[in-house]
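# Residue-level structure breakdown
Okay, here's what each chain looks like letter by letter:
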Amino acid sequence: MVTSATDYKAMLLKQKQLTIDAQGRKGQKATNKPGRAFLEMLFAKQGPPPTGYMLRTCFISYAYPPSIIPTAELKPMLIPELRLETHHRGRVLILRTFGLPQRIQAVQNAVEDAEGNVERLALYNTDPKHTPEHSLLRGVVIAVREPFYKATMDGGYTIRVDHPSDLVRLPAGHESIPAAFAPRFVELELPAESFKASGNAAYAKKDFASAVDCYSQGLRACSEDDGALRYDLLRNRANANLLLGRFEGALADAEAAVIPVPAGGELDEASKKLNGKAYYRAGRAAYALRMFARADGYIKDVERYTAGDEDAKRERKRVAARIQEESKGCYDFAAMSKSSSITHNRLDHADFVAAVEIKSAGQRGRGLFATRNIKVGDLFLCEKAFAVVFKSEKTTETYTMMNLNTNRGSMGPHATLLFDIVQKLSHNPEQAKLYFDLHDGGYEPKLTPEIVDGVTVVDTFRTAAVSEFNRFGCPNVRSSDGATQRIPSLSGDEDADDFHGSIGVWRVASYINHACDGNAVRVFIGDMMIIRATRDIKEGDEITMRYTNPKEDGPASRKKTQDSWGFECDCAICMADLAVPPKQLERRRALNKEVEKFLGSNRLTLQSRAGAASIRKAEKFHAVNHAKRCPSHRASTDSQSQDLVATYDPAVYAGKPCLALIGLGQWLCQAHNFESSQRQVIACANRSLANLGYGIKIVRKKLTIDYTHRHTEATAIDAAMYAAHAHRYLGEENLGLQYTKFAKQLWETLYGELKWFKERFGPE
Ligand SMILES: C[S@@+](CC[C@H](N)C(=O)[O-])C[C@H]1O[C@@H](n2cnc3c(N)ncnc32)[C@H](O)[C@@H]1O
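Residues numbered from 1 in each chain as written. Predicted model: local features only at pLDDT ≥ 70, side-chain atom pairs only at ≥ 80, totals over all residues. Heavy atoms only, no water.

### Concerning the overall build of the protein
When helices and strands are counted, the protein shows 25 helices and 28 strands. C-alpha extents for the protein along the principal axes are approximately 95 × 70 × 50 Å. By residue count, 53% of the 764 residues in the protein fall in the buried class. Working note: accessible area of the protein is about 34,600 Å², and carbon and sulfur atoms make up 54% of it. (Helix = DSSP H or I, 4+ residues; strand = E, 2+ residues; numbered from the N terminus. Buried < 20%, exposed > 50% of the residue type's maximum accessible area, 1.4 Å probe, protein only. Areas by Shrake-Rupley, 256 points an atom, 1.4 Å probe, with all protein chains shown as cover.)

Listed below in structure tokens is the structure:
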């Protein structure tokens, strides 16, 4: 147990070093192994469920591929034949668990082979929501295909299973079970009916995984001519699979459970009812797999067999709504936003993907391209998370994951996301194929998920690689939550950990490449990612969005994309930042620090307004009186100059965002607003918008905006609303309305819906 962050870091480093050192023992035999008595003691008690907060560490060891050879084709081996740090290719260990399973970092238990040799076994990447018994119950016989053996930190050894598909539970009577593990009193073959009864009993206890096992055994025991029982077992297994999230299995079972209409005859009433049930389950499974048209067909079948079924009616309505969303992008975003909350952030909506295709994007790999013109503000993608873990979903455990392959560590939702994805892929092979089409950073080998021994083979190392390159942070409920707290906040900032920290994978959005000055922006309502165009996009153009929020310090932003995503951005903002002479950049950094300090100690409220002196000081940074961002203004490297604007060479930054000026511009708008200097407010607001890359022009009282270099961020909304209020205060109603309209459009693009706009800015 560690009690401090320093201890914890030391423990992580020690574990990392041990894993590296262990490589030196590759191929050696384990020595000084603990015996059966020690393991019996180690796994004698379950231990009370953890109280308080548990920090669990999980090491993603050096990558190796999962086994794809069926148990029956592998050569059995015994525990003493195991060699350290070795993958025993072509071999299989048939083992029986003999302790009470425990979840330490992995689910662990003591195991013995057919000759009574013993060892520890650790199964990684299991679902933390399941009990350890679910995975490694005492007394079950398992096959560990092509096992890996390693030394542990406590001086012992373990058979380590990183790919859950490498461990197969062998049902009673399986041909690979050695005689030593066969029951002493051979039970007479149990009738299939008894498996149905035990499956139903497990189901009643909500032990759905055991229920599935029982029904599967029943199906194996079922004779060909016992059709009715077979249909019952399939229908029941469909239901248990549904509840376990094994939707592809549920759909296959439910379809197979439909009792065929006898040739030239009709089904009796009881069979019709049962078919209604089977179709209902097929409909639910298709719905969960987001095949809404297919779900619609099944629900119509339910109504054909059981007219007036209330559940079917409800389902039909739900399916119809999804089909509308999917085909037309008709979402009631305000209702969606209203219905989402910290306890209800997994929303029930279809995906809408319009006017885009996946194509080669040259050195960026593949990208998403527009297949027709898309107008600024248009919605073209609304997608439910493939997998998501919300920071708000408090558990008593936090996982830290160290990936030795990438040398990266992740914590909390980042780590739990991997377990969730592995579970989803393990039971839904078609979904697994879609997931593994995503960018994996060049991971090899690229095994296609196939079913071996009845289990989908999932390479957990590749799963982790895909997750690392395709996950996005998201808020706990909705993007607008940061904006309705009246403090100006950078809405898209994934670094603001108290607001974000949740994480997920959105499959289609994953094909969008990064550009700091992207032409699209993602926002969230619950687990729905909503993407709109931030400027007009022409047919054939690549769609880009920014992954990270670029900061005033360009090179630092570029380092972030390099570290997290493995590339250096070459967008217009980054190119401009790269062209800045180092001295000038240094000056910008130094001045920016001063500005931050100034803003920190001059927070504005109605009670503490800015005095004339602090406004003058702020204006000095902003060089309000002498620097208009026009070509005649020269960039300066003067180390004494307080002028932050001067660190942006107008020839290089023409029209592009100058991010270091944003906070200051916002402060000046607010300061002048409190002083009721409305003309000053308007000037500051327009300057802020220009610093954000908006080309603002007012010709004959008509506001026009050039979005070409726009940097999409919440401060633009504030600036537009400062200008709107000021114009209206001065009686320039029409201009006020135009700025409000502009602010609303920005809000909708940034937050997905307008519901909270009024809350922040008050009634119009
Ligand atoms: C979420 S994926 C985007 C889709 C990816 N290009 C593909 O082929 O599937 C992220 C990866 O795309 C690539 N990428 C994204 N934006 C890029 C950019 N601006 N320049 C170069 N590579 C980029 C990087 O390899 C990054 O790790």
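### Some points on the site of the ligand
Taken together, 14 residues lie near the ligand, and R364, R366, N513, H514 and W565 sit nearest. Here an oxygen atom of the ligand and a backbone polar atom of R366 are 2.7 Å apart. Here W565 contributes a backbone N or O atom positioned 2.6 Å from an oxygen atom of the ligand. Elements represented by at least two residues in the shell around the ligand include exactly α14 (460-470) and β23 (513-514). Across the shell around the ligand, the residue classes tally to six nonpolar, six polar and two charged. (Near = heavy atom within 4 Å. Polar contact = N/O pair within 3.5 Å; in protein donor to acceptor, adjacent residues only side chain to side chain. Nonpolar A, V, L, I, M, F, W, Y, C, P; charged D, E, K, R; others polar.)

### A short note on the pattern of salt bridges
Under the criterion given, the structure shown has 42 salt bridges. Among the salt bridges present, the one from E269 reaches K272, with a minimum N-O distance of 3.4 Å. Taken together, the residues span about one helical turn, with E269 and K272 both in helix α8 (residues 269-288) at a distance of three residues. Taking the relative accessible area as the measure of exposure, E269 reaches 59% and is therefore exposed. For K446, the salt bridge goes to D440, with nearest N and O atoms at 2.9 Å. Taking the relative accessible area as the measure of exposure, K446 reaches 41% and is therefore partly exposed. (Salt bridge = Lys/Arg side-chain N within 4 Å of Asp/Glu carboxyl O.)

### Digging into the nonpolar core
Counting 59 residues, the largest nonpolar core has W667, Y694, I717, Y739 and F742 as its most contacted members. For this core, the elements supplying multiple residues, two or more each, are α18 (582-601), α19 (612-622), α21 (662-674), α22 (678-691), α23 (715-729), α24 (733-751) and α25 (757-761). At nine residues, the largest contribution of residues to this core is made by α23. Residues within four places of Y694 in sequence aside, it is in contact with L689, I705, D706, Y707, R710, H711, T712, A716, F742 and L746. (Core = buried A, V, L, I, M, F, W, Y, C linked by side-chain atoms within 4.5 Å. Contact = heavy atoms within 4.5 Å.)

### Details of unusual backbone geometry
The omega torsion across E444 and P445 is 0 degrees, close enough to zero to call that bond cis. The residue P445 is located in the loop between α13 (429-435) and β19 (451-452) in this model. For K206, which is not a glycine, the phi torsion comes out positive at approximately 65 degrees. Despite not being glycine, K701 shows a phi value in the positive range, around 60 degrees. Inspection of the secondary structure assignment puts K701 in the loop between β27 (695-699) and β28 (702-706). For K701, a relative accessible area of 59% gives the class exposed.

### What about the sheet that holds strand β25 (residues 528-533)?
A sheet is described by the order of its strands in space; here four strands give the open sequence β12-β15-β25-β24, paired in antiparallel fashion. In this open sheet, the two strands that pair with only one neighbour each are β12 (352-353) and β24 (520-525). Looking at chain direction, strand β15 (residues 379-384) and β25 are connected through five bridges and run antiparallel. Note on β25: the bridge partner recorded for C382 is I530. (Pairing = 2+ DSSP bridges.)

### Overview of the sheet that holds strand β13 (residues 356-360)
One open sheet accounts for four strands, arranged β13-β14-β26-β23; its pairing is mixed. Two strands close off the open sheet at either side, each with one partner strand: β13 and β23. Taken together, the two bridges between strand β14 (residues 366-370) and strand β26 (residues 542-545) define a ladder with antiparallel strand orientation. When the sheet's bridge partners are listed, L368 is paired in β26 with I543.

### Focus: helix α5 (residues 208-221)
Under the 1.5 Å per step criterion, the end-to-end length of α5 is 20 Å for 14 residues, consistent within 8% with the ideal 20 Å. Taken together, the buried positions of α5 are F208, A209, A211, V212, C214, Y215, S216, G218 and L219. Contact partners of the buried residues in α5: α3 (132-136), α4 (192-204) and α6 (227-243). (Expected span 1.5 Å × (residues − 1).)

### Regarding the domain arrangement of the protein
Examined at the domain level, the protein breaks down into domain 1 (5-181), domain 2 (192-328), domain 3 (333-395 + 426-565) and domain 4 (581-761). Between the C-alpha centres of domain 2 and domain 4 there is a distance of 60 Å. (Domains from an automatic or database assignment.)

### Section: the packing of α8 against helix α9 (residues 292-305)
Contact geometry for α8 and α9: axes closest at 8 Å, N-to-C directions at 165 degrees. Classified by the interaxial angle, the pair formed by α8 and α9 is roughly antiparallel. Here α8 runs over α9; the crossing is left-handed. Facing α8, whose interface residues are K272, N275, G276, Y279, Y280, A282, G283, A286 and Y287, α9 presents F292, R294, A295, Y298, I299, D301, V302, R304 and Y305. Considering only residue class, the contact of α8 with α9 consists of 11 nonpolar, three polar and four charged. (Axes fitted to C-alpha atoms, helices over the stretch in contact; angles between N-to-C directions. Parallel < 35°, antiparallel > 145°, perpendicular 65-115°, else oblique. Left-handed = near helix turned anticlockwise from the far one by under 90°.)

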